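# Understanding the architecture of this molecule
One letter stands for each residue in the lines below.
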Amino acid sequence: MSSKLTLKLLTISLASIMLLSFVAVMDTSSLTDTKPVTNQAFPLFEILGKTAKGQNPSSYPAYTPIQIWKAYNYTSSGIYSSSYGKGETIAIIDAYGSPTISSDVNYFDNYFGLPSVNLTIVSPFGRVSKNGGWAMETSLDVEWSHAMAPAANIVLIETPSASNTYLINDAINYAVNVTHANIISMSWGEAESSISSSDLSTYDSIFSYAEHQGIILVAASGDNGANDSTTSPTVDFPSADPNVVGAGGTTLNMKDLSSTTGSYSSEYAWNSSGGGISAYFPEPSYQASAGISISGRGVPDVSYDANPNTGFWIYDTTSYQGIDGWGEVGGTSASAPQWAAIFADSQSIDGYNSINGQNVHNLIYSIYSSSSYLIAFHDITIGYNGYYYAGPGYDEVTGIGSPVVYELISLL
């Protein structure tokens, strides 16, 4: 779709900077932030609660990794598999990152009995400053992508600001050309209507380049309903880009909860889930060929628990809004990294040639239009995001639904 983009990047050997703890940090203190700000993305998480400093979490209301693993049936037996994601690399792009992410994710893993994370942290575009909100986003992204793909390599790409110039123009190219990631997770965005057509075209060419290199791109669909913090319906970008898998939000109810158990009970659309129809991108062939009749690119493609009232425990000691340790968070920021993990799990089991950036949408929507749809997905039929309603089949709140992971992997 576009000629290969080139970018002068600071080249590093990922293997050479891994530490014995499996957490590596690249020193870029000599670099400076000189990029102009062009469009500004926002992290897409929501906070519900916290524990007192020094206290550990209870098992509910926030969900634990094992409970989510069982609810979405990552394995047919429900038994946690520490080999999921082996050999695959997830790149997580976050502005500013977190100065405490290495110790925070290790504490998270130890508390929940998870394997040690294989994390590499890079700041290739200059020194990053401390930002509490983005640090919390980083904790959510790293901890939960690792929890659902425990053997995957994770590369955290930190940018010096939240401008799309850094997050998209620079970081996407870095993820593709330097980290050689299989999957890229983006838990941030802004209203499509706030971005110029020329900028949308530029960003689309970058995502198209990544997709044509076989990279699966996943982005959160937004946390402010159909209007996305504007006065009229608009979709969130980059989830609206047709080269990106848009991940929406649900409310997940579980039963038989204990500290280590739980099972799927019911699910409905989260009323703050971003979603709708793009005013810029036409309906892609993968949606049209699945029998979905809409006037433009429909968002999201898929969904996952995102309601902070049925949210996720994270551990973050970069203090933000009173959280200094355990907190309960949600938002479609939780959907994106866990869908990225699902794709890493699938590649580790089925192989890169079975699912990659060039065929991921076609595979998802071919399952949707097949007799296996309700085996591999929970069809979310109840709920509303301020303009669109969930209903049978595809809808602009939850896409084609949430995963039954082991069944989905067997079909990808």
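Below or above, wherever it landed, is the structure these notes cover. (Residues numbered from 1 in each chain as written. Predicted model: local features only at pLDDT ≥ 70, side-chain atom pairs only at ≥ 80, totals over all residues. Heavy atoms only, no water.)

### Observations regarding the nonpolar core
Within the largest apolar cluster, 73 residues are counted, with the highest numbers of intra-cluster contacts made by Trp 339, Phe 343 and Phe 377. A total of 8 residues in this core trace back to one element, the largest contributor, which is helix H7 (residues 332–350). Dropping the residues within four chain positions of it, Phe 377 is found in contact with Val 302, Trp 339, Ile 364, Ile 367, Ile 400, Gly 401, Ser 402, Pro 403, Val 404 and Leu 408. Ala 91, Ala 162, Ile 168 and Phe 207 belong to the second-largest nonpolar core, a separate cluster that totals 39 residues. (Core = buried A, V, L, I, M, F, W, Y, C linked by side-chain atoms within 4.5 Å. Buried < 20%, exposed > 50% of the residue type's maximum accessible area, 1.4 Å probe, protein only. Helix = DSSP H or I, 4+ residues; strand = E, 2+ residues; numbered from the N terminus. Contact = heavy atoms within 4.5 Å.)

### Some words on the pattern of salt bridges
Counting across every chain of the model gives 1 salt bridge. A salt bridge links Arg 297 to Asp 301; the nearest nitrogen and oxygen atoms lie 2.7 Å apart. Taking relative accessible area as the criterion, Asp 301 reaches 0% and is therefore assigned buried. (Salt bridge = Lys/Arg side-chain N within 4 Å of Asp/Glu carboxyl O.)

### Observations concerning helix H3 (residues 132–148)
An ideal rise of 1.5 Å per residue puts 24 Å on 17 residues; H3 measures up with 24 Å between its terminal C-alpha atoms. Most of H3 is tucked away: 17 of the 17 residues are buried. Where H3 starts, the residue carrying a side-chain oxygen 3.2 Å from the main-chain nitrogen of Gly 133 turns out to be Asn 131. (Expected span 1.5 Å × (residues − 1). Polar contact = N/O pair within 3.5 Å; in protein donor to acceptor, adjacent residues only side chain to side chain.)

### Regarding the packing of H3 against H7
For the pair H3 and H7, interaxial distance at closest approach is 8 Å and the crossing angle is 30°. Considered as vectors, H3 and H7 are oriented roughly parallel to each other. The way H3 lies across H7 gives a crossing that is right-handed. Residue-level inspection shows Glu 137, Leu 140, Asp 141, Trp 144, Ser 145 and Met 148 of H3 in contact with H7, the latter providing Ser 333, Ala 334, Pro 337, Gln 338, Ala 341 and Asp 345. Within the contact of H3 with H7, the residues separate by chemical class into 6 nonpolar, 3 polar and 3 charged. (Axes fitted to C-alpha atoms, helices over the stretch in contact; angles between N-to-C directions. Parallel < 35°, antiparallel > 145°, perpendicular 65-115°, else oblique. Left-handed = near helix turned anticlockwise from the far one by under 90°. Nonpolar A, V, L, I, M, F, W, Y, C, P; charged D, E, K, R; others polar.)

### Quick word on the packing of helix H2 (residues 101–112) against H3
Running from amino to carboxyl end, H2 crosses H3 at an angle of 40°, the nearest separation of the two axes being 10 Å. Taken together, the axis directions place H2 and H3 in an arrangement best described as oblique. H2 and H3 meet at a crossing whose hand is right-handed. Taking contact as the criterion, the partners of Ile 101, Asp 104, Val 105, Phe 108 and Asp 109 in H2 are, on H3, Thr 138, Ser 139, Val 142, Glu 143, Trp 144, His 146 and Ala 147. Its residues assigned to classes, the contact of H2 with H3 shows 6 nonpolar, 3 polar and 3 charged.

### Re the packing of aromatic side chains
Under the definition given, this model contains 28 aromatic pairs. Arranged with centres 6.2 Å apart and planes meeting at 10°, the rings of Phe 237 and Phe 281 form a pair that is stacked. In this pair, Phe 237 is assigned in strand E10 (residues 236–237) and Phe 281 in the loop between strand E13 (276–277) and helix H6 (285–288), connecting sequence segments 44 residues apart. Each member of the pair, Phe 237 as well as Phe 281, is classed as buried. Ring geometry for Tyr 280 against Phe 281: centres 4.7 Å apart, planes inclined by 90°, an arrangement best described as edge-to-face. Residue Phe 281 is classed as buried on the basis of its relative accessible area, which comes to 5%. An aromatic cluster is defined as three or more aromatic residues linked by ring pairs; in this entry it consists of Tyr 107, Phe 108, Tyr 111, Phe 112, Trp 144, Phe 312, Trp 313, Tyr 315 and Trp 326. (Phe/Tyr/Trp six-rings, centres within 6.5 Å; stacked < 30°, edge-to-face > 60°.)

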